Amino acid sequence: VIARGVGTTTLQVAVTNDLALSLLEADMPSQSALVDVALEAPSSSAEQDPYGVVLWPAAQVVARALAELSLSDARVVELGAGTGLCALTAAARGPSVLATDYRAEPLELLRASAEASSQALGRPLVVKTRVFDIKSDEPLPAADVLVAADLLYLQSTSEALARRCIEALGTGGYRLALVGDCGRPGRAAF
């Protein structure tokens, strides 16, 4: 069970000409119900966030960019992974991958997607998952590459992601931060 009352659909996502991945996301009735719940909620919280169970456009662009990088020995951390296309793409290219999100439901979808993509590719895609809130004071997990896609919806999240990029490239020991956005409202705060 991904989430109570949430049905899923499987997408075949062509990341590059030589890499297509199976990705699970909430089906259309579930997406509509989740948005309704979020709109009716008195304040935003993890329980009302419908966004992590859907594939968003910036993830597709960042996944393509990841697929073109040389990542064979890299450790990759994806923040706010949602359905995890970027994490799956990194895993398909060989590195150690940790996908994080502040909710468990998207990470459950991601684990199911890793299994489906592994079967389709005929080789295992290993993606570790962990609940992690970028707004927390908890330090970033150790890695070489930081990835985030389509997280700039709110000013607070955008500021937290900017702080995490500075942390990663400053004292965190990361060599690259790859952030994708398609003009979301929090972009200026980032």
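Before any of the text, the structure's been laid out above.
Model, not experiment: these values are computed from the prediction. (Residues numbered from 1 in each chain as written. Predicted model: local features only at pLDDT ≥ 70, side-chain atom pairs only at ≥ 80, totals over all residues. Heavy atoms only, no water.)

1. Here's the deal with the side chain of Thr157
Put simply, the rule is: Helix numbering and strand numbering both begin at the N terminus, where a helix is a DSSP run of H or I of at least 4 residues and a strand a DSSP run of E of at least 2. Think of it in three bands: residues with accessible area under 20% of the maximum for their type are buried, residues over 50% are exposed, and the middle band is partly exposed, with areas taken using a 1.4 Å probe on protein chains only. In this description, contact between two residues means that some pair of their heavy atoms is separated by no more than 4.5 Å.
Assignment of secondary structure puts Thr157 in helix H5 (residues 155-169). Among the residues examined, Thr157 registers a relative accessible area of 16% and is labelled buried. Discounting chain neighbours no more than four positions away, the residues touching Thr157 are Ile134, Lys135 and Leu151.

2. What about the pattern of salt bridges?
As a reminder of what qualifies: Salt bridge criterion: a side-chain nitrogen from Lys or Arg within 4 Å of a carboxyl oxygen from Asp or Glu.
Within the structure shown, the criterion is met by seven salt bridges. The salt bridge partner of Arg93 is Asp18, with a shortest N-O separation of 3.4 Å. In this pair, Arg93 is assigned in the loop between helix H3 (85-92) and strand E4 (96-101) and Asp18 in the loop between strand E1 (8-16) and strand E2 (19-26), connecting sequence segments 75 residues apart. Classification of Arg93 by relative accessible area gives partly exposed; the value is 24%. Residue classification places Asp18 among the exposed residues on the basis of a relative accessible area of 60%.

3. Considerations on the packing of aromatic side chains
The line we're drawing: Only centres within 6.5 Å qualify two rings of Phe, Tyr or Trp (six-membered ring in Trp) as a pair; their planes then separate them into stacked at under 30 degrees, edge-to-face at over 60, and tilted for everything else.
One pass over the structure, following the stated rule, counts one aromatic pair. Both rings, one in Trp56 and one in Tyr153, keep their centres 6.1 Å apart while their planes meet at 70°; by these two values the pair is edge-to-face. Of this pair, Trp56 sits in the loop between helix H1 (28-40) and helix H2 (57-67) while Tyr153 sits in the loop between strand E6 (145-149) and H5, placing them 97 residues apart in sequence. In this structure Trp56 comes out as partly exposed when scored by relative accessible area, which is 26%. Accessibility expressed as a relative area gives 23% for Tyr153, which makes it partly exposed.

4. A closer look at the sheet that holds strand E7 (residues 176-180)
Two orientations exist for strands paired in a sheet by backbone hydrogen bonds: parallel and antiparallel. This is how the line gets drawn: Pairing between strands is defined by DSSP: at least two bridges between the two strands are required. What counts as an axis is a line fitted to C-alpha atoms, over the stretch in contact for a helix, and the angles between N-to-C directions run from 0 to 180 degrees.
As summarised here, the arrangement of the five strands in space is E5-E4-E3-E6-E7, forming an open sheet in which the pairing is parallel. The two strands at the open ends of the sheet, each matched to only one other strand, are strand E5 (128-131) and E7. Adjacent strand axes in the sheet meet at a mean angle of 20°, parallel and antiparallel pairs treated alike. For strand E3 (residues 75-79) and E4, the ladder comprises four bridges, and the chain directions are parallel. Looking at the pairing, Arg75 lines up with Ser96 of E4. Packing against the sheet, H3 makes contact with E3, E4 and E6, and its axis sits at approximately 175° to E4.

By themselves, these figures tell us nothing about what the structure is for.
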